[in-house]
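# A closer look at the structure
Given next are the chains, with one letter for each unit.
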Amino acid sequence: MSQMSNNRPVRSSLRAAFVAALALLYAPETPGPLPGVGWAQEIRQGSAKPHRPPQDMTSVPTAVTLPAKDPTGGTLGSTLGSCDKEAQNSEGLILPGAKGDFKLDRCYRGRDHLVCSFNALLKEARSLLGDSRKLVEARYPEVSNVTDVCKIKSDNLAADMRLAMDFANRFKVLKAEYDTRIACANKIGETFKDVTLPEMAQAPELLKSMIDVVDADVRSVSAEEAKVVELSQKIDTSQKAMITIQKLHRLICTQEQHPASTEERANR
């Protein structure tokens, strides 16, 4: 009886340790989702009728203001800054209408500026698609056993976590620039419908051609942006899986299975 009584504290301690480990595994450390999950629907709606503003644009003020450039001095911010700097101002962009001449929205500085901006967005979107796809190809959410969990090196996992955060930051800037510049293009496409060209014999056909050109510019960038939105959703899922794998490393892997990371070794 004395021996059985002495074993009870040991079993109680083991149970307490196991409960603590489970609490660590399911601790609410997962960050919020990457921005733009609802953006995919907006892009699909915009690509179907690119010259029509989405429903939530009713709150957009009359003048569409271009956002401040990337404060970190990223490539996209620098490129768009060059586009804005080299573009003409909007003061001379006046067209005749049924009720008299009117100025175009000041966000529009001519098609050269529009195309320059869209090319910058396309370049950044394609860069994100190329730089971050490896996070999806790693298939972190599909890991199914302890052996595979413990084979993932801490250094590699930490590097991929940093890559996921870099993607999130760049995606946030890209989304803000895309939303504003697409809103401007949509607004100009709608404005062209109010233009009258009495001096032109083929005015309706000419105006339709102007609208079609802007629509084509919008579609060219919207298709690529939709791919980035889809990738962002997959990277968000991968990021959550990586956080879980980090917890599993501490919970179930041995030092032989799970070599210590450079940072862990330095702190010993």
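Residues numbered from 1 in each chain as written. Predicted model: local features only at pLDDT ≥ 70, side-chain atom pairs only at ≥ 80, totals over all residues. Heavy atoms only, no water.

Attention now goes to the overall build of the protein. Of the regular secondary structure elements, the protein holds 8 helices and 2 strands. The order of α-helices and β-strands along the protein, N terminus first, is α-α-α-β-β-α-α-α-α-α. Within the span of the protein, comprising 268 residues, buried residues form 38% of the whole. Partitioning the contacts of the protein with sequence separation of at least 6, the portion at a separation of at least 24 is 83%. Working note: accessible area of the protein is about 15900 Å², and carbon and sulfur atoms make up 54% of it. (Helix = DSSP H or I, 4+ residues; strand = E, 2+ residues; numbered from the N terminus. Buried < 20%, exposed > 50% of the residue type's maximum accessible area, 1.4 Å probe, protein only. Contact = heavy atoms within 4.5 Å. Areas by Shrake-Rupley, 256 points an atom, 1.4 Å probe, with all protein chains shown as cover.)

In this model, the protein carries an average pLDDT of 75, and 66% of its residues clear a pLDDT of 70 or more. Low pLDDT, under 50, characterises residues 1-5; the predicted model gives this stretch 1 contact beyond four residues in sequence or across chains. With pLDDT under 50 throughout, residues 28-64 is counted as low confidence; its partners more than four residues away or in other chains account for 66 contacts. (pLDDT = per-residue confidence, 0-100.)

A few words now on the state of the cysteines. Inspection of the entire model under this criterion finds 3 disulfides. Across a sulfur-sulfur distance of 1.9 Å, Cys-83 and Cys-116 are joined as a disulfide pair. Its torsion about the S-S bond being -75°, the disulfide of Cys-83 and Cys-116 is classed as left-handed. Placement of the pair is Cys-83 in helix α3 (residues 75-86) and Cys-116 in helix α4 (residues 111-137), with a sequence separation of 33 residues. What makes Cys-83 buried here is its relative accessible area of 3%. (Disulfide = S-S within 2.5 Å.)

Time to look at the packing of α3 against helix α6 (residues 154-191). It is at 10 Å that the axes of α3 and α6 come closest, and there the two elements cross at 25°. Considering their axes alone, α3 and α6 lie roughly parallel with respect to each other. Contacts between α3 and α6 pair Leu-76, Leu-80 and Asp-84 from the former with Val-173, Leu-174, Glu-177 and Arg-181 from the latter. Within the contact of α3 with α6, the residues separate by chemical class into 4 nonpolar, no polar and 3 charged. (Axes fitted to C-alpha atoms, helices over the stretch in contact; angles between N-to-C directions. Parallel < 35°, antiparallel > 145°, perpendicular 65-115°, else oblique. Nonpolar A, V, L, I, M, F, W, Y, C, P; charged D, E, K, R; others polar.)

Among the structural elements, Leu-80 can be located in helix α3. For the pair Leu-80 and Cys-116, spaced 36 residues apart in sequence, the C-alpha to C-alpha distance is 7.8 Å.

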